[in-house]
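The residues making up each chain are set out below.
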Amino acid sequence: MKLNTSTGRVRLYPEMREVLLSGQQAEVLAVLIERAGEPCRRDEIAAAVPKGSCPPTMAQVGVIIANIRDKLGTHRVLTGAGGWWLDASDASRPPAWPGAISFGGIHLDLPRRQLWVSGRRSMIRLGWQEYLVLRALIEAQGMPRGRDEIWLSMPATARPARPSQVGVIVYRLRQRLGRESILTDGGGGGGGWRLAGRTEDAVLSAAASNVLLLDPATRRVGLPSRATSVPLSPQEAATLQVLIEARGVALSARDVFANTPTTVRPKSPSAVSTVVSRLRRKLGPDHIWTGRRGWWLGTPARVVGPIC
């Protein structure tokens, strides 16, 4: 999720919808986000929010949390003896943008020029030239790209005056992403640059020893019983992600339909069964079970991004 504390708007992923919180609710949610999945007690929340947003009594902290859970979904804000905390998957999972490309833990939203790096809780807004250079490197999927090649891939109106200046843009990107994120092939960039990391097939195959793994950016699934990952259509990947996030709870066709992003949603709830049938053929019937209440996963599963 992404919170704008000044407006109280929360962007929820993978639903790609916005929720409006009150100022007090936004300040409390900001505290939970800052704790990054660690439980937070009533008194800790009250002490962390600005004085103007602090509830008059400790009991009202619970009321505010309850209102946040109603708006965001009870599965996002968890509760226990230690207090309240955000589901860790919301903090660590990259947004499932329809127009995103990824490699090596770097996820680039093409329409918005926003960048998400796995392991960070905030997005980075790129300048136009930084966006173009990083896009060229991501599209290379780990292969080196020379400065002339990158320069020519940029629109004439946006490219720097000389190919040698591409190195300056790469330097700025390294400052923002971390020097280890972009590797140099050859001296001084003469041989080009490439992104650190492995291809999605290798990542999913290596990590999928005992769990089903879905990378929503590449729409590929790693299965415990297969050496290579399985490609999915956008609709199949979105449906599988909904089932993974249900964590073994049976979902009806209406449940899956309601939780699927509108851009890849089937035409009607009744069409969900067709998508699930295609998934079962690709993944195997043992992974997706069916019953009177709907479908659920019979295999441990999680949503991942490419691993560096």
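Quantities reported herein were computed from a predicted structural model and do not represent experimental measurements.

Time to look at the pattern of salt bridges. A full pass over the atoms with the stated rule returns nine salt bridges. The closest approach of N and O atoms between Arg135 and Glu139, which form a salt bridge, is 2.9 Å. You can see Arg135 and its partner Glu139 sitting in helix H5 (residues 128–139), four residues apart, about one turn around the helix. For Glu236, the salt bridge goes to Arg278, with nearest N and O atoms at 2.9 Å.

One pass over the full model with this rule turns up two aromatic pairs. Centroid distance Trp128 to Tyr131: 5.4 Å. Interplanar angle 20°. Geometry classified as stacked. A residue pair is termed a helical-turn pair when its members lie 3 or 4 positions apart in one helix, as Trp128 and Tyr131 do in helix H5 at three residues. For Trp128, a relative accessible area of 41% puts it in the partly exposed group. On the basis of relative accessible area, Tyr131 is assigned to the buried category, the value being 4%. Seen from their ring centres, Trp289 and Trp296 are 6.2 Å apart, and the 80° between their planes marks the pair as edge-to-face. Assessed through its relative accessible area of 40%, Trp289 is described here as partly exposed. Judged by relative accessible area, which is 22%, Trp296 ranks as partly exposed. Cation over ring: Arg159 sits above Trp151, and NZ or CZ is 4.5 Å from the ring centre.

Moving on: the nonpolar core. Residues Leu108, Leu115 and Leu134 are the most contacted members of the largest nonpolar core, which totals 28 residues. Going through the elements one at a time, strand S6 (100–103), strand S7 (106–109), strand S8 (114–117), H5, helix H6 (147–153), helix H7 (166–177) and strand S11 (193–195) are the ones with two or more residues in this core. No other element matches the seven residues that H5 contributes to this core. By size, the runner-up hydrophobic cluster in this structure holds 23 residues, among which are Val230, Leu232, Val242 and Ile244.

Moving on: the sheet that holds strand S9 (residues 124–125). Across a sheet, strands are paired by hydrogen bonds formed along the backbone, either parallel or antiparallel in direction. Pairing within the open sheet is antiparallel, and its four strands lie in the order S6-S7-S8-S9. Edge positions in the sheet fall to S6 and S9, since each has one partner strand and no second. Sheet topology places S8 next to S9; two bridges connect them, and they run antiparallel. By the bridge assignment, Leu115 is partnered in S9 with Ile124. In the packing of H5 onto the sheet, the strands contacted are S6, S7 and S8, and the crossing angle to S7 comes to about 125°.

About the cut-offs
Residues numbered from 1 in each chain as written. Predicted model: local features only at pLDDT ≥ 70, side-chain atom pairs only at ≥ 80, totals over all residues. Heavy atoms only, no water. Salt bridge = Lys/Arg side-chain N within 4 Å of Asp/Glu carboxyl O. Helix = DSSP H or I, 4+ residues; strand = E, 2+ residues; numbered from the N terminus. Phe/Tyr/Trp six-rings, centres within 6.5 Å; stacked < 30°, edge-to-face > 60°. Buried < 20%, exposed > 50% of the residue type's maximum accessible area, 1.4 Å probe, protein only. Lys NZ or Arg CZ within 6 Å of the ring centre and 35° of its normal. Core = buried A, V, L, I, M, F, W, Y, C linked by side-chain atoms within 4.5 Å. Pairing = 2+ DSSP bridges. Contact = heavy atoms within 4.5 Å. Axes fitted to C-alpha atoms, helices over the stretch in contact; angles between N-to-C directions.

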